[in-house]
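# A look at the structure
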Amino acid sequence: MSERTKTKIQKYPRILFFLLAWILLLGIVTQVSLAGLAIFVDGGLWQTHRTVMNVIEFIPSLMFILGIVGGIPKLYNAVSFVLFFFINFQYYTNFGWLGAIHSAFALVLFTISLFVAWGSYQVVVKGKKVNYETKQLT
């Protein structure tokens, strides 16, 4: 397959990866905001908190598949795979004393999803490549 054909095939999965990465980041920010509002303003917002999670929980698995098809650098693709497991780990930390881990781990999810979203911007929009020896964009 020619390089031009390969690039054409990779175009749309790359764009979708980029969009889903930013949607996931916004979803995590929304989750944290809803949790804070549910604690301090209206306890009825817990249901909305759960609903948003049900919407965004499979985004990282879609990103992983699109990353493979789109030729996203392995670093960002692997991290999107890890995000899927981390998000599902949150289901086990929302009871009792593990609630402290649940809320703190939300910051980890935010940081990792910000890393992937910003990296997808650098790769998809700016067209930069990842140097795997230094783990830096060039």
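Residues numbered from 1 in each chain as written. Predicted model: local features only at pLDDT ≥ 70, side-chain atom pairs only at ≥ 80, totals over all residues. Heavy atoms only, no water.

### Details of a nonpolar patch on the surface
Together, Y12, I15, L16, L19 and I23 make up an exposed nonpolar region whose accessible area comes to about 470 Å². By the element assignment, I23 lies in helix 1 (residues 3-40). A residue is classified by how much of its surface remains accessible, and I23, at 44% relative accessible area, is partly exposed. (Patch = residues over 30% accessible without salt bridge, like charges linked within 9 Å, V, L, I, M, F, W, Y side chains within 5 Å. Areas by Shrake-Rupley, 256 points an atom, 1.4 Å probe, with all protein chains shown as cover. Salt bridge = Lys/Arg side-chain N within 4 Å of Asp/Glu carboxyl O. Helix = DSSP H or I, 4+ residues; strand = E, 2+ residues; numbered from the N terminus. Buried < 20%, exposed > 50% of the residue type's maximum accessible area, 1.4 Å probe, protein only.)

### Brief notes about the nonpolar core
Of all hydrophobic cores here, the largest spans 23 residues; its most connected members are F17, L24, M63 and V116. Those elements that place two or more of their residues in this core are helix 1, helix 2 (45-56), helix 3 (59-70), helix 4 (74-89) and helix 5 (99-125). If near-sequence neighbours (up to four positions away) are discounted, L24 is found in contact with I56, I59, P60, M63, L83, I87 and S113. (Core = buried A, V, L, I, M, F, W, Y, C linked by side-chain atoms within 4.5 Å. Contact = heavy atoms within 4.5 Å.)

### Quick look at the side chain of N77
By the element assignment, N77 lies in helix 4. Residues contacting N77, with those up to four places away along its chain left out, are F17, M63, F64, G67, I68 and I72.

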